[in-house]
Amino acid sequence: MSRMRIVLGVSGASGAAIPLRILERLQEIEGAETHLVVSDAARRTLSHECGPDALGRLLAMATENHPIRDVGATIASGSFRTAGMIVAPCSMRTLAAIATGIADNLLVRAADVHLKERRRLILLARETPLHLGHLRNMSSVAEMGAIVMPPVPAFYHRPESVEAIVDHIAARAIDLLGLPIPPLAREWEG
């Protein structure tokens, strides 16, 4: 299998366990090459929600790490072909920047590139409750081709732990990339 480049953007919204699990799952996929960009706010959230070693664990799992301010990185160019990008979690600030094309950091620029190149962009929008501005931004990015996937737990598989819920959300996000692999998330059996 050829290399599949996947970009993972991590913003500062709550839900820091999700990108950790996404990278763990991507490491299990033969040929997956991961490109990670982490916002400054995400660094703080990772430490608060997952412990002081969480950022180090996240960085160690990625094939390549890109500084948030390096808007000249490979993932900022449409000529750098990828299989898609996941932003997990996707804060409302990041969502708004993507929706309006304000690519003032590498995470938003990489998402913008995925939209303009018509590549898969999965946004795990994390906020509740939502006001009209949030909803309009979600509608806007969906109209541009992004997939908005709030990390809402599924209960049909009867998860027995928070880890099981996080794993299912991570698997669903990866499945939405449409990689040439069997589905990772447990399917509904009727």
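Notes on the structure in this doc start here.

Calculation rules
Residues numbered from 1 in each chain as written. Predicted model: local features only at pLDDT ≥ 70, side-chain atom pairs only at ≥ 80, totals over all residues. Heavy atoms only, no water. Helix = DSSP H or I, 4+ residues; strand = E, 2+ residues; numbered from the N terminus. Buried < 20%, exposed > 50% of the residue type's maximum accessible area, 1.4 Å probe, protein only. Contact = heavy atoms within 4.5 Å. Pairing = 2+ DSSP bridges. Axes fitted to C-alpha atoms, helices over the stretch in contact; angles between N-to-C directions.

So, unusual backbone geometry
- The peptide bond linking Ala 88 to Pro 89 adopts the cis configuration, its omega dihedral lying at -15°.
- Between Thr 128 and the following residue, Pro 129, the backbone shows a cis peptide bond with an omega angle of -5°.
- Here Pro 129 lies in the loop between β5 (121-125) and α6 (132-144).
- Despite not being glycine, Arg 158 has its phi angle at roughly 50°, a positive value.
- Within the secondary structure, Arg 158 sits in the loop between β6 (147-148) and α7 (162-175).
- Note on Arg 158: relative accessible area 70%, which makes it exposed.

Brief notes about the side chain of Arg 25
- Tracing the sequence through the fold places Arg 25 in helix α1 (residues 17-27).
- On the basis of relative accessible area, Arg 25 is assigned to the buried category, the value being 10%.
- Dropping the residues within four chain positions of it, Arg 25 is found in contact with Asp 167, Ala 171, Ile 174 and Leu 184.

Things to note about the sheet that holds strand β4 (residues 84-90)
- Read across the open sheet, the six strands follow the order β3-β2-β1-β4-β5-β6; overall the sheet is parallel. In this open sheet, the two strands that pair with only one neighbour each are β3 (64-66) and β6.
- Across seven bridges, the pairing between strand β1 (residues 4-10) and strand β2 (residues 32-38) is parallel. Bridging across to β2, Met 4 finds its partner in Ala 32.
- Packed onto the sheet, helix α3 (residues 54-61) meets β1, β2 and β3 and runs at close to 145° relative to β2.
- Packing against the sheet, helix α5 (residues 106-116) makes contact with β1, β2, β3, β4 and β5, and its axis sits at approximately 135° to β4.

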